[in-house]
Amino acid sequence: MDFGISRMDLQTEKRLVKLFSSRVNLCLLYQGSRHGFSICTIQEKTQKQGNLIFLAYLESGAIMGGYLGGKFPSLHYSECVQDKKAFVFLVSQNTAIHFPVVDACQAFHIKSNETKMISFGECLNMEMKNDSCFVKVGNDAVYNTSWPEITESCVDVEVHRVQDAGDLMLLPWREMSWTEIYRENLKKDLVSYKPDIVGLSQVRALLLGPVGAGKSSFINSIKSVLCRHVVNLPITGSGSDGFTSKLKSYPIRAEKGGQPIALTLCDLKGLGDTEETGLSLHDALAVIKGHAPEGYKFQSKAPLQPNSPGYRVDPALQDKIHCVLFVLDACRLHSYSKELKDTLKKLHWESSDLGIPQLVLLTHVELAGPSDMHNIYASHNLREKMEEAAEMVGVPLFSVLPVKNYASELNVDYDTDILLLSAACQILHSVDYAFED
């Protein structure tokens, strides 16, 4: 079947699909400019289907329309469809607003006698006349709209079927190899890495994020990958105030008793909604700039100052942070406060001014995304969460890395290892690119 090409641009389609509670796709069934402006043709093309969305492209540039959940009626002189799911909408340049049906008994009707018209209540009427279409807009109690009364000719009219999209894309939007060979190559790259910077032997990456996001668990998980068994060091906790309060650097060893690799992960107090409930912006920047000594215990009422014990007035390159890692919980993004989001953005801006690369580690993706880790980059839901995390911090999408930390497992597995190793290698690549610039 030739469905043709819709006039609808991508941004308009994105705004429309967000009007539905579940993920949907739109499939073009009828287009007035191709098939003729005829109610009979609409009935033929829709084949008495339901879940239809009607779009009227007005000459003014606006798009108005309505959604019919019930079946499009057979052609009679006048027939009404009762529909509790119906709504009407208006799409402007920046947004889409909709009005759910109030009186479901009068949700939708057609008239095919002398006046050939499709109507949503009385607020949106599409009249087919002399191979053209006019839209009459007004107010009524069926949809409780607040539209001014206008009559305007249409450039085109379309009818789309609204169909369930599911969560998985046809193709992943990021490529990832899930093989043992790839895992071993990533591990080899991580272990053999050496900074190409004179005077720097260790890349220091600082984990920043709210309490419970998984900062300390990420450190344990990276250690677990290299040890080939789950490591449960006493650096994680589940208290409401978090577990870590001191600045602590964790060298990563390729094997038990071996020499540390070039990546050091640094952990400290979690970010809170206010500076009284978590790490302050001032203290976080002091750590990033290298002023804070190892083991320094941060206190909300006593910010780090030049007269604080161990304060580094003129920190060397190896004392500074070379990459900032924002650790966010994929399952909690919507619950993060405005104050926390503001702090994340401020840290992003300040770190950017210092020329320090930043990545987002999105944790708990096994709970927020598909059960099969191989589909992690084919999940609509997880991509949306990655986009939300990127916007929350202010970084591009390619800087967001999904990871699964080891929590209740007793043994490591290849899929989890690959995500963790990929993130670790990306940290090192980001530092290299930053120093090149």
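Along each chain, the written sequence defines residue order, and numbers are assigned to residues from 1. Only residues with pLDDT of at least 70 are given local features in this predicted model, and only at 80 or more are side-chain atom pairs given and counted; all residues enter the totals for whole chains, interfaces and linings. Computation of side-chain values: all heavy atoms of the structure, hydrogens and water removed.

Before going further, it helps to examine the overall build of the protein chain. A tally of regular secondary structure across the protein chain gives ten helices and 17 strands. For this measure, only C-alpha atoms enter the radius of gyration; the expected value for a globule follows 2.2 Å times N^0.38, where N is the number of residues. For 437 residues, the compact-globule estimate of 2.2 N^0.38 gives 22 Å, and the C-alpha radius of gyration of the protein chain, at 29 Å, exceeds that figure by more than 25%. Judged by the C-alpha coordinates and their principal axes, the protein chain covers about 90 × 50 × 40 Å. Looking at the protein chain residue by residue over its 437 residues, the buried ones come to 51%. To qualify as a helix, a DSSP run of H or I must reach at least 4 residues; to qualify as a strand, a run of E must reach at least 2; elements of each kind are numbered from the N terminus. Burial classes follow relative accessibility: with a 1.4 Å probe on protein chains only, a residue under 20% of its type's maximum area counts as buried, one over 50% as exposed, and anything between as partly exposed.

This part covers the domain arrangement of the protein chain. Where a domain begins and ends is set by an automatic assignment or by a domain database. Here the protein chain is described as being made up of domain 1 (10-164) and domain 2 (180-435). Between the C-alpha centres of domain 1 and domain 2 the distance comes to 49 Å.

Mapped onto the elements, D156 comes out in strand β11 (residues 150-164). Within 3.5 Å is the distance limit for a polar contact, defined as a pair of N or O atoms, with the added protein rule that one can donate a hydrogen and the other accept it, and that residues adjacent in sequence qualify only through two side-chain atoms. Side chain to side chain, D156 and R7 meet in a polar contact 2.8 Å long. Reaching out from D156, the side chain makes a polar contact with the side chain of S33 at a distance of 2.6 Å. Only heavy atoms enter the contact rule, under which two residues are in contact if any of them lie within 4.5 Å. Residues in contact with D156, not counting those within four places in the same chain, are R7, Q31, G32, S33, F37, L55, A56 and Y57.

In this section: the pattern of salt bridges. Working definition: two side chains of opposite charge can pair if their charged atoms are close together. Each reported salt bridge corresponds to a side-chain nitrogen of Lys or Arg within 4 Å of a carboxyl oxygen of Asp or Glu. For the coordinates displayed, the defined rule picks out twelve salt bridges. Of the charged contacts in the structure, one is a salt bridge between R183 and E184, with a shortest N-O distance of 2.4 Å. Residue E184 is classed as partly exposed on the basis of its relative accessible area, which comes to 27%. Overlapping salt bridges, with partners in common, bring together R183, E184, R228 and D417 in one network.

Right, let's talk about the pairing of strand β5 (residues 87-91) for a bit. If a strand is regular, its side chains alternate between the two faces of the sheet. A large share of β5 lies buried, amounting to four of its five residues. Strand pairing follows a simple DSSP-based rule, namely that at least 2 bridges must link the two strands. Two elements, strand β3 (residues 63-68) and β5, share five bridges in a ladder whose sense is antiparallel. Opposite I63, over in β5, you have V91 as the bridge partner. Both β5 and strand β6 (residues 96-100) contribute to a ladder of five bridges, which runs antiparallel. Bridging from a neighbouring strand, L90 pairs with I97 of β6. Counted along the chain from β5 to the antiparallel partner β6, the turn is four residues long.

Angle between the axes and distance between the axes are the two parameters that describe a pair of packed helices. To get an axis, fit a line to the C-alpha atoms, keeping to the stretch in contact for a helix; angles then go from 0 to 180 degrees between the N-to-C directions. Relative to each other, helix α7 (residues 338-353) and helix α9 (residues 380-393) sit at 70 degrees, their axes nearing to 7 Å. With respect to their mutual orientation, α7 and α9 come out roughly perpendicular. For the pair α7 and α9, contact is made by K341, L344, K345 and H348 and by E391, M392 and V393, respectively. Of the residues belonging to the contact of α7 with α9, the class tally is three nonpolar, one polar and three charged. Roughly parallel means an angle under 35 degrees; roughly antiparallel, over 145; roughly perpendicular, 65 to 115; everything else is oblique. Note on residue classes: Ala, Val, Leu, Ile, Met, Phe, Trp, Tyr, Cys and Pro are nonpolar, Asp, Glu, Lys and Arg are charged, and everything else, Gly too, is polar.

Here a pair means two rings of Phe, Tyr or Trp (six-membered ring of Trp) with centres within 6.5 Å. Their orientation is stacked below 30 degrees between planes, edge-to-face above 60, and tilted elsewhere. Going through the model one piece at a time under the given rule, you end up with 13 aromatic pairs. On the numbers, 5.0 Å between centres and 85 degrees between planes, the contact of F20 with Y67 is edge-to-face. Here F20 is found in the loop between α1 (10-17) and β1 (24-31), whereas its partner Y67 is found in strand β3, with 47 residues between them in sequence. Of the two residues, F20 and Y67, both sit in the buried class. An aromatic cluster of at least three residues, connected via ring pairs, comprises F54, F72, F108, F120 and Y143. A ring has a charge above it when a Lys NZ or an Arg CZ is no more than 6 Å from the ring centre and no more than 35 degrees off the ring normal. Positioned over the ring face of W173 is R383, at 4.3 Å from the centre of the ring.

To continue, consider the sheet that holds strand β17 (residues 400-402). Paired through their backbone hydrogen bonds, the strands of a sheet run either parallel or antiparallel. If you walk across this open sheet you meet the six strands as β13-β14-β12-β15-β16-β17, and the pairing is mixed. The open sheet is flanked by β13 (248-253) and β17, the only strands paired with a single partner. Going from strand to strand, the sheet's axes swing by 30 degrees on average, the running direction of each strand aside. With four bridges connecting them, strand β12 (residues 203-208) and strand β14 (residues 260-267) associate as parallel partners. Counted as the bridge partner of A205 is L265 from β14.

Now for the nonpolar core. Judged by nonpolar contacts, the single largest core of 81 residues is most densely connected at L263, L265, L328 and L362. Per element, the largest residue contribution to this core is ten residues, and it comes from helix α10 (residues 414-436). Non-local contacts of L265, meaning those with residues more than four positions away in its chain, are made with A205, L207, F218, I219, I222, K248, S249, Y250, I252 and L325. We define a nonpolar core as any set of buried Ala, Val, Leu, Ile, Met, Phe, Trp, Tyr and Cys residues linked to one another through side-chain atoms lying within 4.5 Å. V81, I118, M128 and C154 belong to the second-largest nonpolar core, a separate cluster that totals 36 residues.

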